[in-house]
Amino acid sequence: MKKWMMLGLVALATGHAVAAGNTIKVGVLAEMSGTFADFGMQITNGAKAYMKQYGDTVAGKKIELVIKDTTGPAPDVAKRLAQELVVQDKVDFIVGFGLTPNAFAVAPIATEAKKPTIIMNAATSAITTKSPYIARVSFTLAQVTEPMAQWAYKSGLRKIYTVVADYGPGHDAEQTFKKAFARLGGEVVGELRVPLKNPEFGPFVQRAKDSKPEAVFVFVPAGEMAVGFMKAYYERGLAKAGIKLLSTGDVTDDGVIEALGDNALGVISTHQYSAAHPSAENKAFLAAYNQINPKQRPNFMAVGGYDGMAAVYEVVRQLNGNINGDKAMQVLRGMKLNSPRGPIQIDAETRDIVQNVYVREVKKVDGRLYNVEFETFAAVRDPGK
Ligand code: DHB
């Protein structure tokens with residue numbers, strides 16, 4: 001009989017859980033239902049793709065995902081589920097978080113329980129300042145917006161109207177754009193915030209049109225809001241009026257780009273990931289994701305899920321399977337990974353991500369819509385810190 005089997009039997013005889021010592025539990029808090037269900041699907045499938053590619057055993061321990069549905073932007077639900085993950089499921093890590101409010105709600109629990117917590121999407125700058133046990137592998141809105149303001153000015157644009165979702169990441173995008181564009185000599189001629197829940201984009205977009213800017217800069221969360229905004233932009237004739245559309249990559253996200261249709265052609269955006277990114281790492285990621293879900297193209301949230309698991313695996317490897325919150329954070333601080341988006345690093349001080357930000361244009365590649373990268377801002381830090 002193998003040694004581990006004997007140990008298991010001993011544990012059984014003494015009434016202890018057999019598997020506990022041999023398993024690393026990764027609690028995933030994600031939006032698995034409701035309007036934002038695609039966020040959870042992308043994040044969890046990205047995590048599963050990593051496990052498919054690299055196997056589910058690290059340092060002799062089996063990696064197990066414990067997935068809980070936050071149902072949408074629901075801080076109270078997220079908080080209760082995080083407590084469950086810590087107290088009942090006894091997870092070693094907490095990961096996930098499509099939406100900012102859920103990440104903010106869980107920060108005090110991460111601190112209290114000393115649980116290494118990895119943000120796979122939520123992108124408000126302040127999140128990583130709310131607990132020393134939080135590290136981020138996704139991005140921040142400020143990080144991708146500042147390059148957009150610089151690119152816009154360089155392209156000769158001087159009068160821009162901003163439209164953002166009215167919550168953390170939208171406020172960051174609005175403020176960052178305004179500051180960076182003004183510093184260069186550009187002017188934000190008007191700004192609008194649209195509600196996160198059930199927005200009616202038509203009147204907002206009309207107001208932007210009426211103030212006759214050269215371009216509109218927009219951030220709304222990926223998915224239905226992005227589709228709603230784009231529809232209104234065309235229906236209200238902004239494109240016809242020659243008003244250019246600039247956005248963060250959330251709006252032309254790979255998950256919905258085909259639903260946007262040819263109207264999206266020519267839209268310029270800045271972001272950290274495009275499914276069209278030319279690299280061996282991305283090719284391997286796309287192949288692994290296709291094995292998990294052949295029906296949908298992975299987006300930046302899927303890459304966040306994938307890289308978050310890469311970070312978990314590296315911590316487990318370096319700690320030889322004995323997870324301790326403080327030691328885990330030490331490993332995460334300064335960690336470098338070869339992501340499908342390019343090289344990334346978790347800043348040792350802020351625990352936030354440093355990465356390339358790409359300027360992209362929506363184009364057809366082999367008959368399908370993609371964000372084609374054409375300029376790179378290298379190793380960008382979160383300017384919000
Ligand atoms: C959030 C950020 C995003 O970029 C996005 O597309 C959706 C949600 C967030 O932080 O809530």
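Structure first, text after, so check above.
What this report covers is the structure whose coordinates are included nearby.

What counts as what
- Residues numbered from 1 in each chain as written.
- Predicted model: local features only at pLDDT ≥ 70, side-chain atom pairs only at ≥ 80, totals over all residues.
- Heavy atoms only, no water.
- 1 Å grid on protein atoms, 1.4 Å probe; cavity = no way out; pocket = protein on both sides within 12 Å on 5 of 7 lines; lining within 4 Å.
- Points joined across faces, edges and corners; volume = space filled by probe spheres on them.
- Helix = DSSP H or I, 4+ residues; strand = E, 2+ residues; numbered from the N terminus.
- Near = heavy atom within 4 Å.
- Polar contact = N/O pair within 3.5 Å; in protein donor to acceptor, adjacent residues only side chain to side chain.
- Areas by Shrake-Rupley, 256 points an atom, 1.4 Å probe, with all protein chains shown as cover.
- Sits in = over half its atoms within 2 Å of the grid points.
- Pairing = 2+ DSSP bridges.
- Contact = heavy atoms within 4.5 Å.
- Axes fitted to C-alpha atoms, helices over the stretch in contact; angles between N-to-C directions.

Taken as a whole, the largest pocket holds about 440 Å³ of empty space. Contributing to the lining of the largest pocket are 25 residues, with Thr35, Asn198, Pro199, Glu224 and Met225 lying nearest its centre. Looking at the lining of the largest pocket, the elements that each hand over two or more residues are α2 (37-54), α7 (201-210) and α8 (224-235). Counting residues per element, the lining of the largest pocket draws most heavily on α8, at six residues.

Our focus in this paragraph is the site of the ligand. Of all residues adjacent to the ligand, which total 17 residues, the nearest are Thr100, Ala123, Tyr167, Ala222 and Asp250. Separating an oxygen atom of the ligand from a backbone N or O atom of alanine 222 is a distance of 3.0 Å. One nitrogen or oxygen atom from the side chain of aspartate 250 is found 2.3 Å from an oxygen atom belonging to the ligand. The fraction of the free accessible surface of the ligand (300 Å²) that becomes covered by protein chains is 100%. The cavity that encloses the ligand is the largest cavity.

Before going further, it helps to spend a moment on the sheet that holds strand β4 (residues 93-96). Judged by pairing direction, the sheet is mixed, and its six strands sit side by side in the order β2-β3-β1-β4-β5-β6 without closing on themselves. Sheet topology places β2 (57-58) and β6 (134-136) at the edges, where each strand pairs with a single neighbour. Bridging between β2 and strand β3 (residues 61-69) involves two bridges; their strand directions are antiparallel. Bridged to valine 58 within β3 is lysine 61. In this fold α2 packs onto β1 (23-30), β3 and β4, with an angle of close to 175° to the strand it touches most, β3.

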